[in-house]
Amino acid sequence: MSESTSVALNVTSRDRVLFRSSLVAAGTFTCTPADAIFRDSGPIGAHSIVFPRTTVSIRHAGGPRFVSTPNQVNLYCRGQEYERQAIDPAGDRCDWFALDDSLVEEAAQSMQQAVTCDRPFSEPFRPADPEIVLAQRQLVKKLGTADALHIEEEVLQIVESVLREESSPVRFESGSSRQRDLVEGTKELLAVRLEERITTGEIAREMGTTPFHLCRIFRRWTGMSIYAWRQQLRTTVALERLRSGERLSNLASELGFASHSHFTLAFRKTFGLTPSDFRSDS
């Protein structure tokens, strides 16, 4: 397919483009903190939906810092400039889907969202529904072999699901930078200390607030309890590591679960299948 009929991209040497058509492009990005382009890899070439695989700090130009974790989906409008700072020693690893302008605009309008072609996304990120994350991970595995029609339709379903989530009642309020920093700091702490059996009181002390205030603000901003956020983060991180062949009992312990059975129960509750089922399907 000629370049003129493909989605416009601004790829770097750290991007791996796995699929490209006139409607969508898909690929992966891997960049370590020591890399020269880690802080600034340039503006986004096309409207993009990004699924993080590691935890990293992101700040869109003109906006506040937020903590990007595998628990969420990041949204970038075409031309968006941004910077990142390291949290995970692995740096920034993510999967991305770049979208044609008309596709995003039509999808948003079909759900009666008021958008412009330049700014189709109203938020820089959203909590990711586990069903969307699982579908995205399974789709990435097919990108090198599946039929283009099949890939495009599955990407369109993911786009529709993400836009539907963006229209949900949860909103990342701009009125209180203190509240925002409290939530983002809690997300970072949970990611860095993922395997620890930390208490609400300990988190609140780290954040310089009270347990009641912390729980109330975190739920208001994310739509989830702190416990539910951590459980989903642990199981989403497990998606990465299950393919490496680690023993499930070791993986459960390293992710902070009390036992293999506890891990299996939490994974099934999140994704609707067991870790063994996911691994065998990989």
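Nothing here was measured: the structure is a model prediction, and the numbers come from that model.

Engineer: Outline helix 6 (residues 211-222), listing residues and values.
Structural biologist: The first and last C-alpha atoms of helix 6 sit 16 Å apart over 12 residues, in line with the 16 Å expected at 1.5 Å per residue. Buried within helix 6 we find Leu 214, Ile 217, Phe 218, Trp 221 and Thr 222. Along the axis of helix 6, the buried positions cluster into a sector of 110°, meaning they face one direction only. In this structure, the buried residues of helix 6 make contact with strand 9 (125-127), helix 4 (177-192), helix 5 (200-207) and helix 7 (226-242).

Engineer: Tell me what's going on with the pairing of strand 8 (residues 92-99), and back it up with residues and numbers.
Structural biologist: Sheet faces and side chains relate simply in a regular strand, where the side chains alternate between the two faces. Here strand 8 lies mainly inside the structure; 7 of its 8 residues are buried. Looking at chain direction, strand 3 (residues 47-52) and strand 8 are connected through 6 bridges and run antiparallel. Each residue of the ladder has a partner; that of Ser 48, found in strand 8, is Ala 98.

Engineer: Let's hear about the sheet that holds strand 8: which residues, and what values?
Structural biologist: Here we have 6 strands laid out as an open sheet, ordered 1-2-8-3-6-9, and antiparallel in their pairing. What marks the edges here is a single partner per strand, and that holds for strand 1 (15-20) and strand 9. If you compare each strand with its neighbour and ignore which way they point, the axes differ by 20° on average. Here strand 1 runs beside strand 2 (residues 24-31); their pairing, made up of 5 bridges, is antiparallel. Along strand 2, the bridge assignment pairs Phe 19 with Ala 26.

Engineer: Talk me through the environment of Thr 28; I want residue IDs and the actual numbers.
Structural biologist: Examined against the element boundaries, Thr 28 turns out to sit in strand 2. Of the residues examined, Thr 28 reaches a relative accessible area of 19% and is grouped as buried. Placed 112 residues apart in sequence, Thr 28 and Val 140 show a C-alpha to C-alpha distance of 8.8 Å.

Engineer: How would you explain the nonpolar core if you had to name every residue and give the values?
Structural biologist: Counting residues in each nonpolar core, the largest one holds 61 residues, and the members touching the most others are Ile 49, Phe 263 and Phe 267. The greatest single-element share of this core, amounting to 7 residues, is contributed by helix 7. Ignoring sequence-local partners within four residues, the contact set of Ile 49 consists of Val 73, Asn 74, Leu 75, Asp 95, Trp 96, Phe 97, Leu 99, Phe 121, Val 159 and Val 162. Ranked by size, the runner-up nonpolar core spans 17 residues in total, among them Cys 31, Tyr 76, Tyr 82 and Ala 98.

Engineer: I'd love a proper account of helix 5, names of residues and values included.
Structural biologist: Taken together, the buried positions of helix 5 are occupied by Ile 203, Ala 204 and Met 207. Looking down the long axis of helix 5, one finds its buried residues gathered within 100° of arc, a one-sided arrangement. Considering only its buried residues, helix 5 is in contact with helix 4, helix 6 and helix 7. Positive phi shows up at Gly 208, right after helix 5, with a value of about 70°.

Engineer: Mind laying out the environment of Thr 209, listing which residues take part and the relevant values?
Structural biologist: Structurally, Thr 209 can be placed in the loop between helix 5 and helix 6. In sequence terms Thr 209 and Leu 182 are 27 residues apart; their C-alpha atoms lie 8.6 Å from each other. In this view, Thr 209 contacts Arg 178, Leu 182, Ala 204 and Leu 214; residues no more than four positions away in its chain are not counted.

Engineer: An account of the environment of Leu 103 is needed here, citing residue identities and associated values.
Structural biologist: Here Leu 103 shows up in helix 1 (residues 101-110). Of the residues examined, Leu 103 reaches a relative accessible area of 9% and is grouped as buried. Separated by 53 residues in the primary sequence, Leu 103 and Leu 156 place their C-alpha atoms 8.4 Å from one another.

Parameters at a glance
Residues numbered from 1 in each chain as written. Predicted model: local features only at pLDDT ≥ 70, side-chain atom pairs only at ≥ 80, totals over all residues. Heavy atoms only, no water. Helix = DSSP H or I, 4+ residues; strand = E, 2+ residues; numbered from the N terminus. Expected span 1.5 Å × (residues − 1). Buried < 20%, exposed > 50% of the residue type's maximum accessible area, 1.4 Å probe, protein only. Arc of directions from axis to C-beta. Contact = heavy atoms within 4.5 Å. Pairing = 2+ DSSP bridges. Axes fitted to C-alpha atoms, helices over the stretch in contact; angles between N-to-C directions. Core = buried A, V, L, I, M, F, W, Y, C linked by side-chain atoms within 4.5 Å.

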